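In case you want the letters, here they are:
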Amino acid sequence: MNQARMDREAPGAAPRVGDEMRKMGTEPLLPIEKKLIGYSLTLGIVLLVVLWGVAQMFLKG
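The structure contained in this document is the topic of the report that follows. (Residues numbered from 1 in each chain as written. Predicted model: local features only at pLDDT ≥ 70, side-chain atom pairs only at ≥ 80, totals over all residues. Heavy atoms only, no water.)

A word on the overall build of the protein chain. Looking only at helices and strands, one finds three helices and zero strands in the protein chain. The linear arrangement of helices and strands in the protein chain, starting from the amino end, is α-α-α. Among the 61 residues that make up the protein chain, the fraction classed as buried is 0%. Surface accessibility of the protein chain: about 6100 Å² in total, with carbon and sulfur atoms responsible for 67%. (Helix = DSSP H or I, 4+ residues; strand = E, 2+ residues; numbered from the N terminus. Buried < 20%, exposed > 50% of the residue type's maximum accessible area, 1.4 Å probe, protein only. Areas by Shrake-Rupley, 256 points an atom, 1.4 Å probe, with all protein chains shown as cover.)

The tally for this structure, following the rule as stated, stands at two salt bridges. Across the pair Asp-19 and Arg-22 runs a salt bridge whose closest N-O atoms are separated by 2.8 Å. Residue Asp-19 and its partner Arg-22 are both found in helix 2 (residues 17–23); the two are separated by three residues, about one turn of the helix. Judged by its relative accessible area of 36%, Asp-19 is partly exposed. Since its relative accessible area comes to 64%, Arg-22 is described here as exposed. Its salt-bridge partner being Glu-20, residue Lys-23 comes within 3.4 Å of it at the nearest N-O pair. (Salt bridge = Lys/Arg side-chain N within 4 Å of Asp/Glu carboxyl O.)

Keep in mind these numbers describe shape, not what the thing actually does.
Written out as structure tokens, the structure reads:
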């Protein structure tokens, strides 16, 4: 048996990150987090439209 497997199965071993994350419950988003997500998506879409417009103006062949 290799050392890594023995360390994992040893009693009193440190908890693994994946196991701890599976035990955690989900947390709802805070209102400010929802606003930040909305602002980020809006800004990304607006900047894509601006980039498309600039490309149409200057890169017409």
